[in-house]
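Spelled out from the first residue to the last, the chains are:
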Amino acid sequence: MRRISIMVSAAVLIAGLAVPAAAHPGGAEFGRATLTGFASLPAETFVPGSEPSGAAIGAGPFNGIAAPFAHQPVQGFSGVVNRRDGTFDVLSDNGYGNKANSADFLLRVHRIEPDLRGGTVKVLGGFNLSDPDRRVPFPLTRADRVLTGADFDVESIQRMPDGTYWIGDEFGPWLLHFSAKGRLLRAPIALDGVRAPENPYLNGAQPDIASSKGFEGLVRSVDGRHLYPLLEGTVTGDTPGDLRFSEFDLRRGKYTGKRYVYRLESTANAIGDAIAVDRHRFLVIERDGGQGDTAKFKRIYLADTRDRDGDGLMDKTLVADLLDIANPKGLGGFGETFRFPFQTIEDVNLVDDRTLAVLNDNNFPFSSGRTPGKADDNEFITIRLSAPLHADKRAFR
């Protein structure tokens, strides 16, 4: 979950927009995408019978909602897995935006079923993440070793053929490997040369990546041999706006040392998620920090590692502008142009070769991008691209 900015500084926006846009070699941009499905989960949706939460965020009210909460909110979708049976696994964020206020938020994977005709999302269940086998070598918040938003900031997820999950974290940043029921299987795996301010092993040294700028995206290669975690922020010493896209060998359980560079269109932007299309191409959400009327940049790019122009960067092609989606059928009760104007859009998934599922992280109860003063719902949309991606068939597994 990104920290919530109540006001966006005009000076920051101007400075960021002054950075030249990255080149988009390798073909023309796609045309306008079309909304094909809309469903939403109400903001005030909670896990039945769960523990209280939100004691450290203040009383509020926040967008009309008072805190703390009697139960755990089903919120902050920061990663998605398509189970290919009409249901999806979605990863809740670290809770309420930072380590200090999220100790009573239990990290959880929810299973949901969107009804794109009825416009609703059903929560079918889920499981908490835990470390009963003491794989984590540093102290955790809870004695029972159920993981909380004060332990990790989980932002991205991939499900393996054996049913286990790999999850990307921002506090290390770490790669985390869990069983099918959320049991941590091995010690957190660090990325050499990168440490966030929350990393417990700084030992007085300066972090080299900003807070909340760790593994925002996590890609599984189409052949299943590698993971590609994508940092949200620039590592100290790298060109501002350049993000490291590293390669992790699943069979060897270690990084290969190979990495690519994804360059943001503006240093004020951030990435939200990434997913593989084929061996060389990846879909990446890139966004600004605005919401509602202040949202100006919410896009999905096709990023190619082949670097056809030889500039050392992944080539980028715009495939969808999420603030300008055609809606000829008026889905969701919206007009002919549909906007996805949320501060944090953190989920993209391939439905078929021309259809993407896109979800927001609603930062409950803080974000109000859809209606000012009203806490955002978790929205689930599908969009049809203007042209096929020609994706590898293995990308749909």
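Residues numbered from 1 in each chain as written. Predicted model: local features only at pLDDT ≥ 70, side-chain atom pairs only at ≥ 80, totals over all residues. Heavy atoms only, no water.

Colleague: Looking at this structure, how should I read the overall build of the protein?
Modeller: Regarding its fold elements, the protein presents one helix and 22 strands. The C-alpha radius of gyration computed for the protein amounts to 19 Å, which stays within 12% of the reference 21 Å derived for 397 residues, consistent with globular compactness. Along the first, second and third principal axes, the C-alpha set of the protein runs to 55 × 50 × 45 Å. Looking at the protein residue by residue over its 397 residues, the buried ones come to 57%. In the protein, the share of contacts with a sequence separation of at least 24, taken over all contacts with a separation of at least 6, comes to 57%. In the structure as shown, the protein presents an accessible area of about 15800 Å², 51% of it carried by carbon and sulfur atoms. Positive and negative side-chain charges of the protein, numbering 47 and 51 respectively, have mean locations separated by a distance of 5 Å. (Helix = DSSP H or I, 4+ residues; strand = E, 2+ residues; numbered from the N terminus. Rg over C-alpha atoms; globule rule 2.2 N^0.38 Å. Buried < 20%, exposed > 50% of the residue type's maximum accessible area, 1.4 Å probe, protein only. Contact = heavy atoms within 4.5 Å. Areas by Shrake-Rupley, 256 points an atom, 1.4 Å probe, with all protein chains shown as cover. Lys, Arg positive; Asp, Glu negative; His and termini not counted. Charge placed at Lys NZ, Arg CZ, Asp CG, Glu CD.)

Colleague: So what exactly am I meant to see when it comes to the nonpolar core here?
Modeller: Side chains that are nonpolar tend, in soluble globular proteins, to be buried together. Counting residues in hydrophobic clusters, the biggest one holds 46 residues, and the most contacted among them are Tyr-262, Leu-283, Ile-300, Leu-356, Val-358 and Ile-383. Leu-283 has contacts with Asp-273, Ala-274, Ile-275, Val-277, Ile-300, Tyr-301, Leu-302, Val-319, Val-348, Leu-350, Leu-356 and Leu-389, leaving out every residue within four places of it along the chain. Judged by nonpolar contacts, the second largest core, of 30 residues, contains Phe-105, Leu-107, Leu-129 and Ile-157. (Core = buried A, V, L, I, M, F, W, Y, C linked by side-chain atoms within 4.5 Å.)

Colleague: Before we go on, may I ask you to explain the confidence of the model for the protein in this structure?
Modeller: Parts of the model with low pLDDT should not have their predicted coordinates read in detail. With 93% of its residues at a pLDDT of 70 or more, the protein has an overall mean of 93. Predicted confidence for residues 1-27 stays below pLDDT 50, and this span has 60 contacts to residues more than four positions away or in other chains. (pLDDT = per-residue confidence, 0-100.)

Colleague: Please clarify how the environment of Arg-159 should be interpreted in this entry.
Modeller: Tracing the chain through its elements places Arg-159 in strand β6 (residues 154-159). Relative accessible area serves as the criterion here: at 29%, Arg-159 is assigned to the partly exposed category. Arg-159 sits 90 residues away from Phe-69 along the chain, and the two C-alpha atoms are 30 Å apart. Leave out the neighbours within four places in its chain, and Arg-159 touches Val-81, Arg-83, Asp-89, Thr-164, Tyr-165 and Arg-220. Reaching out from Arg-159, the side chain makes a polar contact with the side chain of Tyr-165 at a distance of 3.5 Å. (Polar contact = N/O pair within 3.5 Å; in protein donor to acceptor, adjacent residues only side chain to side chain.)

Colleague: Honestly, the pairing of β6 in this entry has me stumped. Any pointers?
Modeller: In the case of a regular strand, side chains alternate between the two sheet surfaces. Within β6, five of the six residues are buried, which leaves the element mostly enclosed by the surrounding structure. Examined bridge by bridge, β6 and strand β7 (residues 165-169) share five bridges and lie antiparallel to one another. Counterpart to Val-154 in the pairing with β7 is Asp-169. Hairpin connection of β6 to β7: five residues between the antiparallel strands, including Gly-163 at a positive phi of 90 degrees. (Pairing = 2+ DSSP bridges.)

Colleague: Looking at this structure, how should I read the pairing of strand β10 (residues 215-220)?
Modeller: Burial of β10 is extensive: six of the six residues sit out of reach of the surface. Relative to strand β11 (residues 226-231), β10 runs antiparallel, the two being bridged by five bridges. Counted as the bridge partner of Val-219 is Tyr-228 from β11. Where β10 folds back onto β11 in an antiparallel hairpin, the turn is made up of five residues, including Gly-224, whose phi is positive at roughly 75 degrees.

Colleague: I would appreciate a short explanation of unusual backbone geometry in the present structure.
Modeller: Glycine aside, a negative phi is what most residues show, and trans is what most peptide bonds show. In this chain, Ala-67 is followed by Pro-68 through a cis amide linkage whose omega measures 0 degrees. Tracing the sequence through the fold places Pro-68 in the loop between β1 (34-41) and β2 (77-82). For Arg-134, which is not a glycine, the phi torsion comes out positive at approximately 60 degrees. The residue Arg-134 is located in the loop between β5 (120-128) and β6 in this model. Judged by relative accessible area, Arg-134 falls into the exposed class, the value being 60%. For Arg-145, which is not glycine, the phi dihedral falls at a positive 65 degrees. Structurally, Arg-145 can be placed in the loop between β5 and β6. When its relative accessible area of 9% is taken as the criterion, Arg-145 is described as buried.

Colleague: Sorry if this is basic, but what is going on with the pattern of salt bridges here?
Modeller: A pair can form between side chains of opposite charge whenever their charged atoms are brought close. Per the counting criterion, the structure on display carries 17 salt bridges. Across the pair Arg-111 and Asp-85 runs a salt bridge, and its minimum N-O distance is 2.8 Å. Of the two residues, Arg-111 sits in strand β4 (residues 108-115) while Asp-85 sits in the loop between β2 and β3 (88-92), which places them 26 residues apart along the sequence. In this structure Arg-111 comes out as partly exposed when scored by relative accessible area, which is 28%. Among the residues examined, Asp-85 registers a relative accessible area of 46% and is labelled partly exposed. Of the charged contacts, one joins Lys-316 and Glu-265 as a salt bridge, the two residues approaching to 2.8 Å between their closest N and O atoms. On the criterion of sequence distance, the pair formed by Lys-316 in strand β17 (residues 315-321) and Glu-265 in the loop between β13 (254-263) and β14 (270-276) is long-range, its members being 51 residues apart. Judged by its relative accessible area of 0%, Lys-316 is buried. (Salt bridge = Lys/Arg side-chain N within 4 Å of Asp/Glu carboxyl O.)

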